[in-house]
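Here is what each chain is made of, one letter per residue.
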Amino acid sequence: TDPSMMARLKGYNWHKALKDAESDALDHLKRDAVLADHHVGFALLRTAATTSRLSYSAPPRPGWPSKSALPDSVDDVTQWQLISAYLKGELTSLPDIENRLPRPSSDAIDQCDLVLHIWHHYALPHKGDRSRIKRAVYLRANGAKPNKIAAVTGINVRQLRSVAHEAGQDIYDYVVFLNKC
């Protein structure tokens, strides 16, 4: 790790990040489960994956059609058509607008970068087929269903749960190490 990244990792407020991740982990636990360290680490990864998805949109794929501005079908009414109908007086109330999630704050993006650095450099270092395993865990952190991940990566649901626990524990252990520095 380069010295500037290590300084960023050591200088970050991990105490607040761990408290936020703990409350997030409690929200995602099943009723009969007991909060463990790996739940908090996986909550950090889940938050980082969500923030990354919202902050850094992928460029359009070359050779694939991009979404046009036209409605998907004849009966679809676009948001612009609804707003213009309201402005013309054809509608009595302003319709609900489909909102995107707001862009994350700079602190959330900074935490995302740091957690993803830990994910790439320190999580699951002892696994053999790291790319396939890490892809499966990252898909799970992004909210993909376990059976879908099993079909895509070839890792069964039990292995996925075990590896996700290990990844969460690795992230948690490294963050606790950084918090003590």
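Treat the numbers as computed from the prediction; the structure is a model and nothing was measured.

Moving on, we get to the pattern of salt bridges. Where charged atoms from two side chains of opposite charge come close, those side chains can pair. All chains considered together, the criterion is met by 3 salt bridges. Between aspartate 110 and arginine 8 there is a salt bridge, with the nearest N and O atoms lying 2.5 Å from each other. Taken as a pair, aspartate 110 in helix H5 (residues 106–122) and arginine 8 in helix H1 (residues 3–11) lie far apart in primary sequence, 102 residues in all. The class of aspartate 110 is partly exposed, set by a relative accessible area of 27%. Arginine 8 gets classed as partly exposed once you look at its relative accessible area, which sits at 35%. Among the ionic pairs, aspartate 20 bridges to lysine 16, the shortest N-O distance being 3.1 Å. Remark: lysine 16 and aspartate 20 occur in helix H2 (residues 14–28); sequence separation between them is 4 residues, near one turn of the helix. In this structure aspartate 20 comes out as partly exposed when scored by relative accessible area, which is 39%.

Further remarks concern the side chain of arginine 46. By the secondary structure assignment, arginine 46 is in helix H3 (residues 37–55). Among all residues touching arginine 46, those that are not within four sequence positions of it are Asp24, Ala25, His28 and Ala141.

Glancing now at the nonpolar core. Grouped together as the largest cluster of nonpolar side chains are 38 residues, with contacts concentrated most on Trp14, Leu44, Leu45, Ile118, Trp119, Val137 and Ile171. Sorting the residues of this core by element identifies H1, H2, H3, H5, helix H6 (130–141) and helix H8 (157–180) as the ones contributing at least two each. Here the element with the most residues in this core is H8; it accounts for 9 residues. Among all residues touching isoleucine 118, those that are not within four sequence positions of it are Leu9, Trp14, Ala123, Ile171, Tyr174, Val175 and Leu178.

Glancing now at the packing of H2 against H8. For the pair H2 and H8, the least separation of the axes is 9 Å and the interaxial angle reads 145 degrees. Judged by residue contacts, Trp14, His15 and Leu18 of H2 engage Tyr172, Val175, Val176, Leu178 and Asn179 from H8.

What follows deals with the packing of H5 against H8. For the pair H5 and H8, interaxial distance at closest approach is 10 Å and the crossing angle is 115 degrees. In the packing of H5 onto H8, the handedness of the crossing is right-handed. Residues Ile118, Trp119 and Tyr122 of H5 form the contact with H8, whose participating residues are Ala167, Asp170, Ile171, Tyr174, Val175 and Leu178. Looking at the contact of H5 with H8 residue by residue, the classes come out as 8 nonpolar, no polar and 1 charged.

Before going further, it helps to examine the layout of surface pockets. What the largest pocket holds in volume is close to 680 Å³. Along its surface, the largest pocket is lined by 19 residues, and His28, Lys30, Arg140, Arg161 and His165 are the ones closest to its centre. In terms of residue class, the lining of the largest pocket is made up of 9 nonpolar, 5 polar and 5 charged. Considering only enclosed or pocket space, the second largest pocket measures out at about 280 Å³ in volume. Forming the walls of the second largest pocket are 18 residues, and the residues nearest its centre are Thr47, Thr51, Ser105, Ala108 and Gln111. When contributions to the lining of the second largest pocket are tallied by element, the ones reaching two or more residues are H2, H3 and H5. Looking at which element gives the most residues to the lining of the second largest pocket, the answer is H3, with 6 residues. Residues of the lining of the second largest pocket, tallied by class, amount to 9 nonpolar, 6 polar and 3 charged.

Calculation notes
- Residues numbered from 1 in each chain as written.
- Predicted model: local features only at pLDDT ≥ 70, side-chain atom pairs only at ≥ 80, totals over all residues.
- Heavy atoms only, no water.
- Salt bridge = Lys/Arg side-chain N within 4 Å of Asp/Glu carboxyl O.
- Helix = DSSP H or I, 4+ residues; strand = E, 2+ residues; numbered from the N terminus.
- Buried < 20%, exposed > 50% of the residue type's maximum accessible area, 1.4 Å probe, protein only.
- Contact = heavy atoms within 4.5 Å.
- Core = buried A, V, L, I, M, F, W, Y, C linked by side-chain atoms within 4.5 Å.
- Axes fitted to C-alpha atoms, helices over the stretch in contact; angles between N-to-C directions.
- Left-handed = near helix turned anticlockwise from the far one by under 90°.
- Nonpolar A, V, L, I, M, F, W, Y, C, P; charged D, E, K, R; others polar.
- 1 Å grid on protein atoms, 1.4 Å probe; cavity = no way out; pocket = protein on both sides within 12 Å on 5 of 7 lines; lining within 4 Å.
- Points joined across faces, edges and corners; volume = space filled by probe spheres on them.

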